[in-house]
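# Notes for the structure review
Below, each chain spelled out in residue letters.
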Amino acid sequence: RESDASARTPFVNYLLAEPWSHLPSSWSVEGKKTLGNMLKKYTKTPLPPHNFDKWIKTNWRDSCEGSTDPFEENAALIVVQRSWDDVLIPVYDMMSHRNGKYQNGGRKRT
């Protein structure tokens with residue numbers, strides 16, 4: 001862990017404060033089953049990503065030789081969810097958010 005004086009600290013703290021389990025691969029067995037059933041019932045053709053429920057096993061554990069530690073799995077899922085290729089870029093992460101005025105940030109005219 002870097003010191004709190006790091007330029008990365010605010011972004012890392014933001015990521016660590018986010019709720020876990022945003023991606024279906026980290027959901028409970030019942031949650032994955034429910035989503036799978038909904039996709040089968042309400043879609044004519046399968047929506048990507050296919051095998052949405054297997055990313056942790058096939059990509060993280062098997063291909064990357066990742067651990068089963070929940071913190072490390074969550075970190076891997078954060079990268080999958082929020083990265084541009086394999087890089088986390090804070091300003092890109094902010095682009096998917098907005099305030100009540102449909103803006104991603106604030107500014108004052110002087």
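Everything discussed here concerns the structure shown above.
Residues numbered from 1 in each chain as written. Predicted model: local features only at pLDDT ≥ 70, side-chain atom pairs only at ≥ 80, totals over all residues. Heavy atoms only, no water.

## Focus on a nonpolar patch on the surface
As a reminder of what qualifies: Two distance rules govern patches: like charges are joined within 9 Å, and nonpolar side chains (Val, Leu, Ile, Met, Phe, Trp, Tyr) within 5 Å, applied only to residues with over 30% relative accessible area and no salt bridge. Note on areas: these come from Shrake-Rupley sampling with a 1.4 Å probe, and a residue is covered only by the protein chains present in the view. The working definition used for a salt bridge is a side-chain nitrogen of Lys or Arg within 4 Å of a carboxyl oxygen of Asp or Glu. A helix here means a DSSP run of H or I that spans at least four residues, while a strand means a run of E at least two residues long, and both kinds are numbered starting from the N terminus.
On the surface, Val12, Leu16, Trp20 and Phe71 cluster together to form a nonpolar patch covering roughly 380 Å² of accessible area. Structurally, the position occupied by Trp20 is in the loop between helix 1 (9–17) and helix 2 (29–42).

## Notes on the pattern of salt bridges
Quick note on the threshold: A simple rule labels every residue: compare its accessible area, found with a 1.4 Å probe on the protein chains alone, to the largest value its type can have, and call it buried under 20%, exposed over 50%, or partly exposed in between.
Tallied over the entire structure, the rule returns 4 salt bridges. For the salt bridge of Lys54 with Asp53, the shortest nitrogen-to-oxygen distance reads 3.4 Å. On the accessibility criterion, Asp53 (23% relative accessible area) is partly exposed. As a salt-bridge pair, Arg61 and Glu73 come within 2.4 Å of each other at their nearest N and O atoms. Here Glu73 lies in helix 4 (residues 70–82) and Arg61 lies in helix 3 (residues 55–63), a separation of 12 residues in the sequence. Residue Arg61 is classed as partly exposed on the basis of its relative accessible area, which comes to 32%. Among the residues examined, Glu73 registers a relative accessible area of 13% and is labelled buried.

## A word on the side chain of Asn74
Formally: Here a residue-residue contact requires only that any non-hydrogen atoms of the pair lie within 4.5 Å.
As for its position among the elements, Asn74 is in helix 4. Residue contacts for Asn74: discarding those within four places in its chain leaves Trp20 and Ser21.

## Some words on helix 1
Going by this rule: Summarising the geometry, the arc corresponds to the directions from the helix axis toward the C-beta atoms.
Those residues of helix 1 not exposed but buried are Thr9, Phe11 and Leu15. The buried side chains of helix 1 occupy one side of the element, clustering within an arc of 165 degrees when seen end-on. More than 90 degrees from the buried face of helix 1, the exposed residues found are Pro10 and Ala17.

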